[in-house]
Amino acid sequence: MSDWFASASSRINSVVEGIVAALMLSLVLDVWLGVIDRYYFHWQLPWPEVLARYLMIWAALLAVSSGIARRDHIGLTAFVMMLPIRLRRTLLIAMDVLALALFFYVAFFGISFVESGAPRQAMIFGASLAPFYAAIPVAAALSSVQLMLVLFRDLGTHIDEPPFAVKAEETL
């Protein structure tokens, strides 16, 4: 069963990483367009800076779920590693459940945040702010899904056996 959770998490993460890569490429191209505009062509385009901000927000928030899938987020494990294995695993599962509750909370209340941005318009684009504000609940919901998958995949063993760790015999 653990393999199913690992496979599902990996597939979702591959899609998310592709989207984040596309967003980052768009961000780089947008910033370069702004630089070329400012210093060479003097078109005085008003939108590259604003678009860069929204692309960066979407990319950064979506990347959170990728960090969760890989268990790459920072953690202070010195105290946790001193605990007996059963207590350590229970504590790690409890921390995952607590983080899951936080992401559910952010996703739920993020929806009202998007709704509040729907009637507002981005001055430069003349479009609703809802798609830009949607980054918060979408990223939180995606992080919730990934956290549930890795919780069942690892069941508190991710410090003892990191999911993406390279074993010593594999490096030789």
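Residues numbered from 1 in each chain as written. Predicted model: local features only at pLDDT ≥ 70, side-chain atom pairs only at ≥ 80, totals over all residues. Heavy atoms only, no water.

Things to note about the pattern of salt bridges
Following the criterion strictly, the structure yields four salt bridges and no others. Here Arg70 and Glu17 are joined by a salt bridge, their closest N and O atoms 2.9 Å apart. Taken together, the residues Arg70 in helix H2 (residues 48-70) and Glu17 in helix H1 (residues 2-41) connect sequence positions 53 residues apart. In this structure, Asp96 engages Arg71 in a salt bridge whose closest nitrogen and oxygen atoms are separated by 2.8 Å. Of this pair, Asp96 sits in helix H4 (residues 85-117) while Arg71 sits in the loop between H2 and helix H3 (78-81); the two residues are 25 residues apart in sequence, bridging distant segments of the chain. Looking at Asp96, the relative accessible area reads 7%, which means it is buried. (Salt bridge = Lys/Arg side-chain N within 4 Å of Asp/Glu carboxyl O. Helix = DSSP H or I, 4+ residues; strand = E, 2+ residues; numbered from the N terminus. Buried < 20%, exposed > 50% of the residue type's maximum accessible area, 1.4 Å probe, protein only.)

Side note on the packing of H1 against H2
As a packed pair, H1 and H2 sit with axes 9 Å apart at the nearest point and diverge in direction by 155°. Overall, the two elements H1 and H2 adopt an arrangement that is roughly antiparallel. H2 is crossed by H1, and the crossing has left-handed handedness. Its residues assigned to classes, the contact of H1 with H2 comprises 17 nonpolar, six polar and three charged. (Axes fitted to C-alpha atoms, helices over the stretch in contact; angles between N-to-C directions. Parallel < 35°, antiparallel > 145°, perpendicular 65-115°, else oblique. Left-handed = near helix turned anticlockwise from the far one by under 90°. Nonpolar A, V, L, I, M, F, W, Y, C, P; charged D, E, K, R; others polar.)

Topic: the side chain of Ser143
If you trace the backbone, Ser143 turns up in helix H6 (residues 135-154). With residues near it in sequence (within four places) discarded, Ser143 still touches Val64, Ser65, Ile68 and Phe103. (Contact = heavy atoms within 4.5 Å.)

Let's talk about the environment of Leu142
As for its placement among the helices and strands, Leu142 is situated in helix H6. Placed 38 residues apart in sequence, Leu142 and Phe104 show a C-alpha to C-alpha distance of 9.8 Å. Leu142 has contacts with Ile12, Val16, Leu62 and Ser65, leaving out every residue within four places of it along the chain.

Quick look at the packing of aromatic side chains
For any pair of aromatic rings, the description rests on two quantities: the centre-to-centre distance and the angle between the ring planes. One pass over the structure, following the stated rule, counts seven aromatic pairs. Plain terms: the ring middles of Phe108 and Phe109 are 5.1 Å apart, the flat faces sit at 85° to each other, and that makes the pair edge-to-face. Through a chain of ring-to-ring contacts, the aromatic side chains of Trp4, Phe5 and Phe152 assemble into a single cluster. (Phe/Tyr/Trp six-rings, centres within 6.5 Å; stacked < 30°, edge-to-face > 60°.)

Overview of the confidence of the model for the chain
Chain-level statistics for the chain give a pLDDT mean of 87 and a share of 92% at 70 or above. No element of the chain has a lower mean pLDDT than helix H7 (residues 168-171), at 55, and none a higher one than H6, at 94. (pLDDT = per-residue confidence, 0-100.)

Points about the nonpolar core
When a protein is soluble and globular, its nonpolar side chains tend to lie buried together. Ranked by size, the top nonpolar core spans 20 residues in total, and within it Leu23, Trp58, Leu62 and Leu129 carry the most contacts. Residue assignment for this core shows that the elements contributing at least two residues are H1, H2, helix H5 (130-133) and H6. Tallying contributions element by element places H2 first for this core, with seven residues. Other than its neighbours up to four places away in sequence, Leu23 contacts Leu55, Trp58, Ala59 and Leu62. Counting residues in each nonpolar core, the second largest holds seven residues, with Leu100, Phe103, Ala107 and Leu147 among its members. (Core = buried A, V, L, I, M, F, W, Y, C linked by side-chain atoms within 4.5 Å.)

Describing the packing of H2 against H6
Look at H2 against H6: their axes get within 8 Å of each other, and the N-to-C directions meet at 10°. Here H6 runs roughly parallel to H2, going by the angle between their axes. Contacts between H2 and H6 involve Ile57, Trp58, Leu61, Leu62, Val64, Ser65, Ile68 and Ala69 from the former and Ala135, Ile136, Val138, Ala139, Leu142, Ser143, Gln146, Leu147, Val150 and Arg153 from the latter. Taken together, the residues that form the contact of H2 with H6 break down as 14 nonpolar, three polar and one charged.

Examining H6
For H6, built from 20 residues, the straight-helix expectation of 28 Å at 1.5 Å per residue is met to within 8% by its first-to-last C-alpha distance of 27 Å. The buried fraction of H6 amounts to 14 of the 20 residues, a majority that puts the element mostly inside the structure. Downstream of H6 by a residue or two, Leu155 has a phi angle that is positive, lying close to 45°. (Expected span 1.5 Å × (residues − 1).)

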